[in-house]
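# Examining the three-dimensional arrangement
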Amino acid sequence: MSSTHIKNFGDLKAAARSGARQAVWDFLEGGAGAERSVAANLDEFDRWTFRPRILTGSKPPSLETTYLGWPLRMPVATAPFGADGLFHPDGQLAVAGAAQDVGALALAPHVSTHPLERIREVAPESALMFQLHPVGNLANFRRLVRRAESAGYRGLVITADCPTAGYRDRNLANQFVYEDVMRGNYRGETDHAEEMFGEFRAMSQPVWTFDYLAEALGETSLPVVIKGVMTGEDAVLSADIGAAGVIVSNHGGRQLDCTPATLRQLPEVVEAVGGRISVAVDGGIRRGTDVLKALALGADLVVVGRLAAMGLCAGGRDGVRRALEMVAAEMVKSLALLGRSSLAEVDRSMLQPA
């Protein structure tokens, strides 16, 4: 099935499934342990229903917004998922290009199949942030920060919930090895790659702390967003070291199983930071109504991972674009039916417990 035949989200998943071999599909769909956190992320959206108002809209709805001062045509970012070449040869080049096509933000990954410079070249209007893992050698980390600066990235995302890969039953059952498609930023740099990936496997060095991360970022003036925050306490610590924002995330349930859903944690984080910094969220977002619920509960931006990966499997850049277009279309229709005309009118009063 080509992307031109994707009429709805069911078609998207079917096209993605048909385009991926079993081990790759398990990698995409699966999570840590018994996958309770994967299920929780999805189920949490069903705990909320909308409270539509009639005869209240003032004009056709707009999805325009800003994030860290950057204008966006929709309040969505594509996640910095690595091993992207598993899903389509173009990987994050296609993802970032599709995000640019629809006016979304693209977060370029540390462990991508393609180098950060190439992603930025392909999508200079959307690939504005580069993501890094705070593990391993400080010099290696800072070297990548300098590369991001030189490539023209305007911000950094620090994925702090991944000092090692999660215990993933499906990958273990498949004996699935995928590290080769995660080395795009280490081409010709075997020593640097082994230092970083070896630390994921062995956990031989001390885990980074907030203070150490602040020191590591001391040489850059780029705004920093910390990803993997699940508590108000960590959100406050992120703000205290100068972060411009946080992403409420349990890594899509792929790291630590039995964590609460990110949508459930979102209000706690929003309340804790009290407007000091921006708050984004990922996990379980599969369609436009999910995005609206997250925004109503306080998110400034919603990050989509599996949905973008499914689009990539389904049809490369065209498939990702189609996925994002469907999200936007459902958001616009839903806003009109809710009696809202802009994202500024999206708030907690739109929702009630199911």
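So, here's what we can say about the structure.

### Things to note about the packing of helix α12 (residues 288-296) against helix α13 (residues 306-338)
Running from N to C, α12 and α13 cross one another at 60°; their axes reach a closest spacing of 7 Å. As the angle between them shows, α12 and α13 are arranged oblique. Between α12 and α13 lies a crossing whose hand is right-handed. Residues Gly-288, Thr-289, Val-291, Leu-292 and Leu-295 of α12 form the contact with α13, whose own contacting residues are Val-327, Glu-330, Met-331, Ser-334, Leu-335 and Leu-338. Here the contact of α12 with α13 is composed, by residue class, of 7 nonpolar, 3 polar and 1 charged.

### Points about the sheet that holds strand β11 (residues 301-304)
Spatial ordering of the closed barrel is given by β4-β5-β6-β7-β8-β9-β10-β11, a layout of 8 strands whose pairing is parallel. Within the sheet, the average angular offset between the axes of one strand and its neighbour, ignoring direction, is 30°. Taken together, the 4 bridges between strand β9 (residues 245-248) and strand β10 (residues 278-282) define a ladder with parallel strand orientation. Bridge pairing in β10 links Ile-247 to Ala-280. Along the sheet, helix α6 (residues 138-151) contacts β6 (127-132) and β7 (155-159); its crossing angle with β6, the most-contacted strand, is approximately 175°. Where helix α11 (residues 262-273) meets the sheet, its contacts fall on β8 (224-229), β9 and β10, and the angle it forms with β10 comes to roughly 175°.

### As for unusual backbone geometry
Although it is not a glycine, His-251 adopts a positive phi angle of roughly 60°. For His-251, the location among the structural elements is in the loop between β9 and α11. Residue class for His-251 comes out buried when judged on its relative accessible area of 18%. In this structure, Cys-258 takes a positive phi of about 70° despite not being glycine. Of note, Cys-258 is situated in the loop between β9 and α11.

### Re the environment of Ala-15
Looking at the element boundaries, Ala-15 is found in helix α1 (residues 9-18). As for Ala-15 and Ala-104, which are separated by 89 residues in sequence, their C-alpha atoms are 23 Å apart.

### A few points about the pairing of β6
Side-chain direction in a regular strand flips from residue to residue, so the side chains alternate between the two faces of the sheet. A large share of β6 lies buried, amounting to 6 of its 6 residues. Pairing geometry for strand β5 (residues 105-108) and β6, over 3 bridges, is parallel. Across the sheet, residue Ala-108 finds its bridge partner in β6, namely Phe-130. Taking the sense of rotation as the criterion, the β-α-β connection linking β5, helix α5 (residues 116-122) and β6 turns out right-handed. The handedness of the β6 to β7 crossover, carried by α6, is right-handed.

### Regarding the pairing of β10
Within β10, 5 of the 5 residues are buried, leaving the element largely enclosed by the surrounding structure. The two faces of β10 match: Ser-278, Ala-280 and Asp-282 on one face and Val-279 and Val-281 on the other face are all buried. Between the parallel elements β9 and β10, the chain passes through α11 in a crossover that is right-handed. Strand direction decides the pairing type here: β10 and β11, joined by 3 bridges, are parallel. Paired with Ala-280 across the bridge in β11 is Leu-301.

### Examining the layout of surface pockets
Looking at the largest pocket, its volume works out to about 1100 Å³. Phe-27, Arg-168, Tyr-178, Met-182 and Arg-254 are the residues nearest the centre of the largest pocket, which is lined by 45 residues in total. When residues of the lining of the largest pocket are traced back to their parent elements, those giving at least two are α2 (22-29), α7 (169-174), α8 (190-202), β11 and α13. Taken together, the residues of the lining of the largest pocket break down into 23 nonpolar, 14 polar and 8 charged. When its volume is computed, the second largest pocket comes out at roughly 460 Å³. Taken together, 23 residues form the lining of the second largest pocket, with Pro-134, Ala-160, Val-207, Trp-208 and Thr-209 sitting closest to its centre.

What counts, and where the lines are drawn
- Residues numbered from 1 in each chain as written.
- Predicted model: local features only at pLDDT ≥ 70, side-chain atom pairs only at ≥ 80, totals over all residues.
- Heavy atoms only, no water.
- Axes fitted to C-alpha atoms, helices over the stretch in contact; angles between N-to-C directions.
- Helix = DSSP H or I, 4+ residues; strand = E, 2+ residues; numbered from the N terminus.
- Parallel < 35°, antiparallel > 145°, perpendicular 65-115°, else oblique.
- Left-handed = near helix turned anticlockwise from the far one by under 90°.
- Contact = heavy atoms within 4.5 Å.
- Nonpolar A, V, L, I, M, F, W, Y, C, P; charged D, E, K, R; others polar.
- Pairing = 2+ DSSP bridges.
- Buried < 20%, exposed > 50% of the residue type's maximum accessible area, 1.4 Å probe, protein only.
- Right-handed = clockwise from strand over helix to strand, strands pointing away.
- 1 Å grid on protein atoms, 1.4 Å probe; cavity = no way out; pocket = protein on both sides within 12 Å on 5 of 7 lines; lining within 4 Å.
- Points joined across faces, edges and corners; volume = space filled by probe spheres on them.

It is worth stressing that arrangement in space is one thing and function is another; only the former is reported here.
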